[in-house]
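Coordinates in review
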Amino acid sequence: MPAPSNMHPGPNLSLTPEHEMIRQTARDFAQREIAPVAGHFDETGEFPAETIRKMGALGLMGIEIPEEYGGAGMDTLAYVLALEEISKADAAHGTIMSVNNSLFCYGIYRFGSEPQKEKYLRPVASGQAIGAYSLTEPMSGSDAGTMRSRAERQGDVYVLNGRKSWVTSAPVADYIVVFLMTDPEKKHRGITAFLVETDRPGFIRGKKEPKLGIRASATSEIVFEDYRCPVENRLGEEGEGFKIAMAVLDAGRIGIAAQALGIAEASYEAALQYAREREAFGQKIGQFQGISFKLADMKTRIEASRLLIYQAALAKERAKTTGERFTLEAAMAKLFASETAMFCAHAAVQIHGGMGYSRELPIERYFRDAKITEIYEGTSEIQRLVISRMELGLR
Ligand SMILES: Cc1cc2nc3c(=O)[nH]c(=O)nc-3n(C[C@H](O)[C@H](O)[C@H](O)COP(=O)(O)OP(=O)(O)OC[C@H]3O[C@@H](n4cnc5c(N)ncnc54)[C@H](O)[C@@H]3O)c2cc1C
């Protein structure tokens, strides 16, 4: 994909030709290459290596990373437009794309040293390698300060030990940004980030996580047994891990909001079509107010989500020059869009009646896939905590 120049939409949020172009590229690819195989990969739970490789070749695995580091050199709005289209065809592909773009590439680009960018960012942003992000542990999710994994400095290496859980793409990842405790007494201020190579001794892929939805996105535990991580693979300084983890999640949440929007739109379009065609009691079911009002609510929430996502994308774009935070915008977009995805998928199943429950249609997949957007990268409760604390001036 060529790197477009000035990509910012005008004040009325109309898209530039370059934004239209990336949206169309992602839409065409998603409908031609992903939609026909999404059901198969959901059923088998296999990782869709071939379509992910093609997405890399199209520049979709490192959209916001400058070309000099292997990315497509586009802006945040381009990223959310593309991710929405991919997720509309299949949310699992959206998860893999989102983690690679936001949780790995963005973190290394923003906090990595020049040698780290050369060695780890370039292959992942260009789609030749897969990146992952590992914060969660079996006994520590929303409350990262309670993590038990340890990194102990011994000369010019850190020795890593512990078990991390729920790592998206871990079964296939080449490199993972991992957060471990270097100073447990300091709780979250004692967390440090490391860049881990998955083919080195002491790194073990643990049990695969069996999942309700996004089944084609491979997820597993990872285990460290005396893994020796060179000091030059520390990301940022000792004790900066929590700050890095949260900054990266701010970016990630905008991506998950775009993924949720894609699922909501797929659900809505299928429901609209069905309401126009299906008949009961001598009329189209869309003529019943009980159905048509559901459609009205779905459409309105989708458009409201889109505006919150665009607002968050523009805030993140501004932050590149001003350094301002976009935590509030990202949390609001993620909260509202993920609850919209769940609302729309739930309504779509209902509007389809028995066929909504059948595995012959993708509607039940949208329903299973939508739920994850309310859980990962901060649950809806955590988004409400973030938003309310910022509004109350509590941090
Ligand atoms: C499919 C999948 C993929 C994932 N991928 C990754 C990944 O790539 N990397 C990674 O690091 N993690 C990943 N995760 C982990 C995910 O981010 C966590 O599951 C999530 O943050 C919640 O943590 P938890 O599961 O420990 O729930 P808990 O933190 O134990 O929360 C349980 C419940 O309590 C609520 N709760 C917790 N604290 C509060 C509070 N202060 N106020 C109100 N309610 C609260 C929560 O909202 C939730 O409803 C993934 C999870 C899933 C399911």
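Our subject is the structure that appears above.
Criteria and thresholds
Residues numbered from 1 in each chain as written. Predicted model: local features only at pLDDT ≥ 70, side-chain atom pairs only at ≥ 80, totals over all residues. Heavy atoms only, no water. Axes fitted to C-alpha atoms, helices over the stretch in contact; angles between N-to-C directions. Helix = DSSP H or I, 4+ residues; strand = E, 2+ residues; numbered from the N terminus. Parallel < 35°, antiparallel > 145°, perpendicular 65-115°, else oblique. Contact = heavy atoms within 4.5 Å. Nonpolar A, V, L, I, M, F, W, Y, C, P; charged D, E, K, R; others polar. Phe/Tyr/Trp six-rings, centres within 6.5 Å; stacked < 30°, edge-to-face > 60°. Lys NZ or Arg CZ within 6 Å of the ring centre and 35° of its normal. Disulfide = S-S within 2.5 Å. Buried < 20%, exposed > 50% of the residue type's maximum accessible area, 1.4 Å probe, protein only. Expected span 1.5 Å × (residues − 1). Near = heavy atom within 4 Å. Polar contact = N/O pair within 3.5 Å; in protein donor to acceptor, adjacent residues only side chain to side chain. Areas by Shrake-Rupley, 256 points an atom, 1.4 Å probe, with all protein chains shown as cover. Salt bridge = Lys/Arg side-chain N within 4 Å of Asp/Glu carboxyl O.

For the rest of this paragraph, the subject is the packing of helix α3 (residues 76-89) against helix α4 (residues 91-111). The interhelical angle for the contact between α3 and α4, taken along N-to-C directions, is 150 degrees, at an axis separation of 6 Å. For the element pair α3 / α4, the angle class is roughly antiparallel. Packed against α3, whose contacting residues are Tyr-79, Ala-82, Leu-83, Ile-86, Ser-87 and Ala-89, the element α4 presents Ala-91, His-93, Gly-94, Met-97, Ser-98, Asn-101 and Ser-102 at the interface. Tallied by class, the residues present in the contact of α3 with α4 amount to seven nonpolar, six polar and no charged.

Evaluated as defined, the whole model comprises six aromatic pairs. Taken together, Phe-203, Phe-224 and Tyr-227 form an aromatic cluster joined through their ring pairs. Lying over the aromatic face of Phe-343, Arg-301 brings its terminal NZ or CZ to 3.7 Å of the ring centre.

Let's shift gears to the side chain of Ser-380. Examined against the element boundaries, Ser-380 turns out to sit in helix α10 (residues 380-392). Setting aside residues up to four positions removed in sequence, Ser-380 forms contacts with Leu-335, Ser-338, Glu-339 and Glu-374.

Counting through the fold element by element, Ile-302 comes out in helix α7 (residues 289-322). C-alpha separation for the pair Ile-302 and Tyr-120, spaced 182 residues apart in sequence, amounts to 36 Å. Those residues in contact with Ile-302, other than ones at most four positions away along the chain, are Leu-261, Ala-264, Glu-265, Tyr-268, Thr-340 and Cys-344.

Moving on to the state of the cysteines. Applying the stated rule across the entire model yields zero disulfides. Unpaired in this structure, Cys-105 has its nearest cysteine sulfur neighbour in Cys-229, at a distance of 18 Å. On the basis of relative accessible area, Cys-105 is assigned to the buried category, the value being 0%.

Our focus in this paragraph is helix α8 (residues 327-351). For α8, spanning 25 residues, the distance from its first C-alpha to its last is 36 Å, which sits close to the expected 36 Å at 1.5 Å a residue. Burial analysis of α8 places 18 of its 25 residues in the buried class, the great majority of the element. Gly-353 occupies a position one or two residues after α8 and carries a positive phi of about 55 degrees.

So, about the site of the ligand. Neighbouring residues of the ligand: 19 residues in total, closest Thr-136, Ser-142, Trp-166, Thr-379 and Glu-381. At 2.8 Å from an oxygen atom of the ligand is found a side-chain nitrogen or oxygen belonging to Glu-381. When isolated, the ligand has an accessible area of 980 Å², and the protein chains bury 65% of it. Secondary structure elements with two or more residues in the shell around the ligand: β1 (131-134), β3 (157-168) and α10. Considered class by class, the residues forming the shell around the ligand number 10 nonpolar, six polar and three charged.

In this section: the pattern of salt bridges. Under the defined criterion, the tally for this structure stands at 31 salt bridges. Where Glu-237 meets Arg-234, a salt bridge forms, and the shortest distance between an N and an O atom there is 3.4 Å. A salt bridge links Arg-368 to Glu-364, with the nearest nitrogen and oxygen atoms 2.8 Å apart. Taken as a pair, Arg-368 and Glu-364 lie in helix α9 (residues 363-372) at a separation of four residues, close to a single helical turn.

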